[in-house]
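One-letter residues, chain by chain:
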Amino acid sequence: MARCLNSVCTDHRTVKGDFLKGIIAMPARRALEKEKIDSLEKLSDYSEEEIMNLHGFGKNTMDKLKNHMNEYKVSFKNENFEIES
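Everything numeric in this text was worked out from a predicted model, so none of it was measured.

Undergrad: How should I be thinking about unusual backbone geometry in this particular structure?
TA: Excluding glycine, most residues fall at negative phi; most peptide bonds, likewise, are trans. Phi angles above zero are rare outside glycine, and Leu-20 is one such case at about 65°. As for its position among the elements, Leu-20 is in the segment before helix H1 (26-34). The exposure class assigned to Leu-20 is buried, which follows from its relative accessible area of 4%. Non-glycine residue Lys-73 carries a positive phi angle of around 55°. Within the element layout of this structure, Lys-73 appears in the segment after helix H4 (59-71).

Undergrad: Please explain the side chain of Thr-61 as it appears in this structure.
TA: Mapping Thr-61 onto the fold places it in helix H4. Contacts of Thr-61, omitting those with residues within four sequence positions, involve Ile-24, Ala-28 and Gly-56.

About the criteria used
- Residues numbered from 1 in each chain as written.
- Predicted model: local features only at pLDDT ≥ 70, side-chain atom pairs only at ≥ 80, totals over all residues.
- Heavy atoms only, no water.
- Helix = DSSP H or I, 4+ residues; strand = E, 2+ residues; numbered from the N terminus.
- Buried < 20%, exposed > 50% of the residue type's maximum accessible area, 1.4 Å probe, protein only.
- Contact = heavy atoms within 4.5 Å.

The following block contains the structure:
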């Protein structure tokens, strides 16, 4: 007798939006979602070092992310920037 089997293992950890879908892997996207980073504008409020400290980010992921940001003329905040008075 044939029966229809439903998927036993479903992934409930999906990212709600499509932010960076196809650009970086799911663990890195989930880490950004956890920090409430859902746009390039919000991402630009962080330094590269701050993002590298998140789970799922390594050299390869950061390279992909920086290339994507460069396409949209967005960059990480510069930690060494000082305002002179």
